[in-house]
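Structure at a glance
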Amino acid sequence: MALVNRSIALVDCNNFYASCERVFNPALKGKPIIILSNNDGCVIARSQEVKDLGIKMGVPWFKVQSLAKYHRISTFSSNYTLYADMSNRVMKIISEFCPDQEVYSIDECFLDLTGFKHLALTDYGQRIRSTINKFVGLPVCIGIGASKTLAKLANHLAKKRSFFDGVCDLNTVKQDALDGLFSEISVGEVWGVGRRTEKRLVELGIHTVLDLKRASPRALRKQFSVVMERTVRELNGESCIPLEEIAPPKKQLICSRGFGAPVFSLSALSEAVTSYITRAAEKLRCQRSVAAQVYVFIHTNPFKKKEPQYSPGRLVPLPEPTDDTRMLINTALAGLRSIYRPGFAYKKAGVLLDDLSPSGQQQKGLFDNMGTLQHSKSLMQAIDRINNAMGSGTIKFLGEGLEKQWKAKAEKKTRCYTTRIDEIPVAYAV
Amino acid sequence: MKTSDLKNDRKESVLSLIGLKPEPSSGEWPVFTSAITAGFPSPADDYIENRIDLNEHLVQHKEATFFLRVQGDSMTGLGILNNDLLVVDRSLPIEDGNIVIAAIDGEFTVKQLVHSQKGYMLKAANPAYQDIIVGPEDDLEVWGVVRWAIHKLWP
């Protein structure tokens, strides 16, 4: 057991995407909002009003479109440029309150507040909360517990029970009161317990968080895995999952998107694959890795069952690990040509960079041309710098195409209010 | 200076902007790899300061600062003209007399916030426009405080 009870906090933005849209459009205050996925396919975010209407996360848009019209729900395409900037602002503001921060996703982060225990942590949480709300207009809830798993549960309570007023510190709750709370939450709310695991736990008679907390970690380890054992220990106040303040580099990078309209030709598919690989290569260089293999895939639309279906993919190894966009494009396109068959209505394409390793650690080949390698590095650096300084896509490979007729639909996207000078909000002086 | 020099100059500055120095082609490598200082060292070396950066002056709280564009001429009396760029700082405390962005009827409006005996008022700075009295039932949301208005004088 740990000697000191830790204080781990989880700060989570409420209905993040919908709340971001509200900051720049005061007309949306108190109104129901839906955000659609890339290509306007599915519902990926909802305001509280929409959640209360029972519209579920992930449902295809066409299934709820009439319901949305009936309830006058404002619907938007996802504006990731805006959400990313707002996320960066929120994370920066939070980091001023605590140096030990793990950015866990676009709208949530863990903090280690163990060293702040001389302060009343509930009050400190309220300060973080009101500062974020004042500075960027976004509502957040904060959960505090002795482990990450408990912090997640505390956050759930802070959101669902108005009693906590947005900040819930489980370390201040007495043991029997805590067990009372846990007996009212279903086990599926526990961090890391997915739908299938939940089903299996219920079959074992574990229905609530309290049941899981009281279960034997060893027995569960045999039934499930070491992950479940850790979860049980975390529920009992033992911090087993450390904060990852520096995100480890990804082992794979994927970039795939659905098309706005079905695509038939190899040339249009090539444009899409070139665009996706260019994006993936940028991410690859950003995390200072090189890829050894490229996987390329194309899909027809599985929802259109009457149309002929064809969904191939191909893994192509690179002659040597690289982060050079030109090399990656050539390899991906070779893969694409080998799987493409005419006569199908393709709906989606994607690429995956696989077998990644840190750049600069590769064994040099006997016949490598050092000059060429250096040249490649300089060229990629130059492209990245220009695109960083002057906007993404300022300089690009012509293979991406100019028209991009396959590009995903985003018909209801709001403007990039904080990143483009010609799209900033209007203040009326009338 | 010859035109060709000018062109070369420009090319070099563009290359240095993106962090690349032109590489000498093979066969032109210098014999010595370390640089040889020649000429008189600059007497200004010890006096170099960072050049003024407007971002630092105009933006005090980066995370809480947003830019908005003015549309309309109700604030001309306070020097805020149509099409001006506003630097809005949401972190500032809202005080009597501040120029603020307020959310009214689902839109952002720029006005001066004035506290009087009748309550709060959003004051226009142009006699052609009426002030907005904020009643106790009205839901006034002050979105942020305007710190700067930037006005373009030359296209």
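Residues numbered from 1 in each chain as written. Chains lettered and ligands numbered in written order. Predicted model: local features only at pLDDT ≥ 70, side-chain atom pairs only at ≥ 80, totals over all residues. Heavy atoms only, no water.

1. What about the overall build of chain A?
- A tally of regular secondary structure across chain A gives 14 helices and 14 strands.
- Against the compact-globule benchmark of 22 Å for 430 residues, chain A has a radius of gyration of 25 Å, which places it among compact chains.
- Overall size of chain A, expressed as C-alpha extent along the three principal axes, is 65 × 65 × 50 Å.
- Looking at chain A alone, contacts between residues at least 24 apart form 67% of all its contacts between residues at least 6 apart.
- A total of about 22300 Å² of accessible surface is found on chain A, and carbon and sulfur atoms cover 53% of it.
- Taken as two groups, the 60 positive and 42 negative side-chain charges of chain A have centres that lie 5 Å from each other. (Helix = DSSP H or I, 4+ residues; strand = E, 2+ residues; numbered from the N terminus. Rg over C-alpha atoms; globule rule 2.2 N^0.38 Å. Contact = heavy atoms within 4.5 Å. Areas by Shrake-Rupley, 256 points an atom, 1.4 Å probe, with all protein chains shown as cover. Lys, Arg positive; Asp, Glu negative; His and termini not counted. Charge placed at Lys NZ, Arg CZ, Asp CG, Glu CD.)

2. Focus on helix α12 (residues 266-286) of chain A
Residue and element names in this part refer to chain A.
- The first and last C-alpha atoms of α12 sit 30 Å apart over 21 residues, in line with the 30 Å expected at 1.5 Å per residue.
- Burial runs high along α12: 15 of the 21 residues are buried.
- Two residues or fewer past α12, Arg 288 is found with a positive phi of approximately 55°. (Expected span 1.5 Å × (residues − 1). Buried < 20%, exposed > 50% of the residue type's maximum accessible area, 1.4 Å probe, protein only.)

3. A closer look at the pairing of strand β6 (residues 108-112) of chain A
Residues and elements named next belong to chain A.
- Among the five residues in β6, five count as buried, and that is most of the element.
- Burial along β6 is two-sided: the residues Glu 108, Phe 110 and Asp 112 and Cys 109 and Leu 111 are all buried.
- Here five bridges tie strand β1 (residues 8-13) to β6, and the two strands are oriented antiparallel to one another. Bridging from a neighbouring strand, Val 11 pairs with Cys 109 of β6.
- One ladder, built from four bridges, connects strand β5 (residues 101-105) with β6; its direction is antiparallel. When the sheet's bridge partners are listed, Gln 101 is paired in β6 with Leu 111. (Pairing = 2+ DSSP bridges.)

4. Some points on the pairing of strand β7 (residues 140-145) of chain A
All names here are of chain A.
- For β7, a buried count of six out of six residues is recorded, marking the element as mostly surrounded by other parts of the structure.
- Of the two faces of β7, the one lined by Val 140, Ile 142 and Ile 144 and the one lined by Cys 141, Gly 143 and Gly 145 are each fully buried.
- Here β7 runs beside strand β8 (residues 167-169); their pairing, made up of three bridges, is parallel. Bridge pairing links Gly 143 to Cys 168 in β8.
- Each parallel crossover has a hand, and for β7 linked through helix α6 (residues 148-160) to β8 it is left-handed. (Right-handed = clockwise from strand over helix to strand, strands pointing away.)

5. Comments concerning the confidence of the model for chain B
- Mean pLDDT over chain B stands at 84; residues scoring 70 or higher make up 76%.
- In the model output, the complex is listed with pTM 0.82 alongside ipTM 0.82. (pLDDT = per-residue confidence, 0-100.)

6. Notes on the sheet that holds β6 of chain A
Residues and elements named next belong to chain A.
- Strands sit in the order β5-β6-β1-β7-β8 across an open sheet of five strands; the sheet is mixed. Only two strands of the sheet have a single partner each, and these edge strands are β5 and β8. Direction aside, neighbouring strands of the sheet carry axes that sit 15° apart on average.
- Strand contacts of helix α4 (residues 80-95): β1, β5 and β6, with the helix running at about 155° to β5, the strand carrying the most contacts. (Axes fitted to C-alpha atoms, helices over the stretch in contact; angles between N-to-C directions.)

7. Examining the sheet that holds strand β2 (residues 33-36) of chain A
Residue and element names in this part refer to chain A.
- Spatially, the three strands line up as an open sheet ordered β3-β2-β4, and their pairing is mixed. Both edges of this open sheet fall to β3 (43-46) and β4 (74-77), since each of them pairs with a single strand only. Taking each pair of neighbouring strands and ignoring which way they run, the sheet shows an average axis angle of 25°.
- Here three bridges tie β2 to β3, and the two strands are oriented antiparallel to one another. Across the sheet, the residue bridging to Ile 35 is Ala 45, located in β3.

8. Examining the interface of chain A and chain B
- Each partner contributes to the interface: chain A provides 29 residues, whereas chain B provides 37 residues.
- Across the interface of chain A and chain B, roughly 2700 Å² is buried in total on both sides, 59% from carbon and sulfur atoms.
- Linking chain A to chain B there are one salt bridge.
- Here Lys 92 of chain A and Glu 63 of chain B are joined by a salt bridge, their closest N and O atoms 3.9 Å apart. (Buried area = accessible area lost by both parts, 1.4 Å probe. Salt bridge = Lys/Arg side-chain N within 4 Å of Asp/Glu carboxyl O.)

9. Some thoughts on a negative patch on the surface
Residue and element names in this part refer to chain B.
- Together, Asp 105, Glu 107, Glu 137 and Asp 138 make up a region of like negative charge exposed at the surface.
- Examined against the element boundaries, Asp 138 turns out to sit in the loop between β6 (132-133) and β7 (141-150).
- Taking relative accessible area as the criterion, Asp 138 reaches 47% and is therefore assigned partly exposed. (Patch = residues over 30% accessible without salt bridge, like charges linked within 9 Å, V, L, I, M, F, W, Y side chains within 5 Å.)

10. Re the environment of Ile 383 of chain A
Residues and elements named next belong to chain A.
- The topology assignment puts Ile 383 in helix α14 (residues 370-390).
- Counting along the chain gives 13 residues from Ile 383 to Lys 396, while the straight-line C-alpha distance between them is 8.0 Å.
- In contact with Ile 383, not counting residues within four places along its chain, are Ile 395 and Phe 397.

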